[in-house]
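Each chain, letter by letter, is given below.
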Amino acid sequence: MITRRTSLGLLASAALVRPARAASRLSYDLRPQPVAKGVWMIEGSTDYFTMQNGGAIVNCALLQGQSGLIVVDTGASLRYGEALKALADGLDLRGVSAVVNTHHHPDHFFGNQVFADKPIHALGETIQQANENADAFADNMYRILGDWMRGTEPVMPRNVIAGGDITIDGRVFEALPLSGHTAADLALLDRETGILITGDLVFYERAATTPSAALPDWHASLDALEALRPEAVLPGHGPLDRSGAAIPQTRAYLRWLEETFRGAAASGLDMIEVMDLELPAEFARLGSEPEEFYRSVSHLYPQIEREVMPRAN
């Protein structure tokens, strides 16, 4: 049976200039960066999903467990998951022992398919959101990325993580069930090294994405993460941060978005006029700008406009 997702994949493939040869060249060059003893980071592009980057925009973490490597977030496709597995096998011949998904957005869990025989952990609400949104996410990803997505079928996390100290394959983490970027965002503080893996609660040198955002919750989560005083922050997108700048930068960007939108609503601007506003230099230079600003207008402005300018009874 040809599903809508299959049809989208076929149409996107047909639209390529040289589909057969292009498909054979679609491969990810994943390079692990050692960030602490037994911890590696794979840094994604700070651009949005494109045919050029194949959707490799997320940061993934690999941590040494007792029987293999623990992978935190698995990328946007089957093909990415396969590249991630090959990389892990090169670091530890025993391969991957467990997977953790920080939240339900597709660039963080669509590589799960490769690790379907391993424990895949997430917050309970993340599992629910992944189940509810996976098909729509897959349709959109196939539309954007075409052949990069070939064969990808969403595989849900199934092992529920709660808060507090947890042990995964012999490695101890403090699990922080938070929210704001989505309804359920998991952060992990690695007890051995002090590395804080934040998922998309923190962006660094890259504009934050807001399709599922609740800004007050996000600010509370950033406060909780900052209070941990980690040795380093491994954000969902952007470079590793050892300076303590990533969390304040994310907070400042979100505050600027809200203040800008509230001021625009009070001035009676429509969405097109808001998109024409000039970005401050400190934010205009961030990865994926101004595209993420435009998307945030569509995500956040209608609700803020209703709050600032309530309709008369």
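Each remark here, short or long, concerns the structure printed above.
Please read all numbers here as calculations on a predicted model, not as lab measurements.

1. Here's the deal with the packing of aromatic side chains
Item 1. Throughout the structure, instances matching the rule amount to 11 aromatic pairs.
Item 2. Measuring from centroid to centroid gives 5.0 Å for Phe109 and Phe110, while their planes differ by 85°, and the two rings are edge-to-face.
Item 3. Residue class for Phe110 comes out buried when judged on its relative accessible area of 0%.
Item 4. Between Phe261 and Phe293, the aromatic rings sit 5.9 Å apart at their centres with planes inclined by 40°, giving tilted as the arrangement. With Phe261 in helix H7 (residues 246-266) and Phe293 in helix H10 (residues 291-308), the pair connects residues that are 32 residues apart, well separated along the chain.

2. Digging into the side chain of His237
Item 1. Locating His237 in the fold gives a position in strand E12 (residues 232-237).
Item 2. Of note is the side chain of His237, whose polar atom sits 3.2 Å from the side chain of Asp200.
Item 3. In this structure His237 touches Ile57, Val58, Asn59, Asp107, His108, Asp200, Val202, Phe203, Tyr204 and Arg206, once residues within four positions along its chain are discounted.

3. Details of unusual backbone geometry
Item 1. In this structure, Pro290 follows Glu289 across a cis peptide bond, with omega equal to 5°.
Item 2. Take Pro290: it is sitting in the loop between helix H9 (281-284) and H10.
Item 3. Even without being a glycine, Asp169 presents a positive backbone phi close to 45°.

4. Concerning the pairing of strand E4 (residues 69-72)
Item 1. Neither face of E4 is left uncovered, since the one carrying Leu69 and Val71 and the one carrying Ile70 and Val72 both have all their residues buried.
Item 2. Where strand E3 (residues 60-64) folds back on E4, the antiparallel hairpin that results is connected by four residues, among which Gly68 adopts a positive phi of roughly 160°.
Item 3. Each parallel crossover has a hand, and the one from E4 via helix H3 (residues 78-91) to strand E5 (residues 96-100) is right-handed.

5. Focus on the pattern of salt bridges
Item 1. Following the criterion strictly, the structure yields 15 salt bridges and no others.
Item 2. Close ionic contact of Asp29 with Arg31 constitutes a salt bridge, the shortest N to O distance being 2.8 Å.
Item 3. For Asp89, the salt bridge identified is with Lys85, shortest N-O distance 3.0 Å. With a gap of four residues between them, Asp89 and Lys85 both fall in helix H3, about one helical turn apart.
Item 4. Since its relative accessible area comes to 26%, Asp89 is described here as partly exposed.
Item 5. Within the structure, one salt-bridge network assembled from shared partners comprises Asp165, Glu174 and Arg191.

6. Considerations on the side chain of Thr182
Item 1. Mapped onto the secondary structure, Thr182 falls in the loop between strand E9 (171-178) and strand E10 (185-190).
Item 2. The residues contacting Thr182, other than those within four sequence positions of it, are His103, His104, His105 and Ser212.

7. So, the sheet that holds E10
Item 1. The strand order E8-E9-E10-E11-E12 describes an open sheet built from five strands, whose pairing is mixed. Two strands in the sheet have a free side with no partner beyond their single neighbour: strand E8 (164-168) and E12. The average undirected angle you get between the axes of adjacent strands in this sheet is 35°.
Item 2. Two elements, E9 and E10, share six bridges in a ladder whose sense is antiparallel. Bridge assignment links Leu176 to a residue of E10, and that residue is Ala187.
Item 3. Each of E9, E10 and strand E11 (195-203) is contacted by helix H6 (residues 215-226), which is oriented at about 160° to E11, the strand it contacts most.

8. Examining the nonpolar core
Item 1. Among the nonpolar cores identified, the biggest contains 39 residues, and Leu30, Ile42, Leu62, Tyr80 and Leu84 are the most heavily contacted of them.
Item 2. Contributing elements (two or more residues each) for this core: strand E2 (39-42), E3, E4, H3, E5 and helix H5 (124-145).
Item 3. Examining the composition of this core, we find that eight residues originate from one element, H5, more than from any other.
Item 4. Excluding residues that lie within four positions of it along the chain, Leu62 makes contacts with Gly38, Val39, Trp40, Ile42, Leu69, Ile70, Val71, Leu84, Leu87, Ala88 and Leu91.

Criteria and thresholds
Residues numbered from 1 in each chain as written. Predicted model: local features only at pLDDT ≥ 70, side-chain atom pairs only at ≥ 80, totals over all residues. Heavy atoms only, no water. Phe/Tyr/Trp six-rings, centres within 6.5 Å; stacked < 30°, edge-to-face > 60°. Buried < 20%, exposed > 50% of the residue type's maximum accessible area, 1.4 Å probe, protein only. Helix = DSSP H or I, 4+ residues; strand = E, 2+ residues; numbered from the N terminus. Polar contact = N/O pair within 3.5 Å; in protein donor to acceptor, adjacent residues only side chain to side chain. Contact = heavy atoms within 4.5 Å. Pairing = 2+ DSSP bridges. Right-handed = clockwise from strand over helix to strand, strands pointing away. Salt bridge = Lys/Arg side-chain N within 4 Å of Asp/Glu carboxyl O. Axes fitted to C-alpha atoms, helices over the stretch in contact; angles between N-to-C directions. Core = buried A, V, L, I, M, F, W, Y, C linked by side-chain atoms within 4.5 Å.

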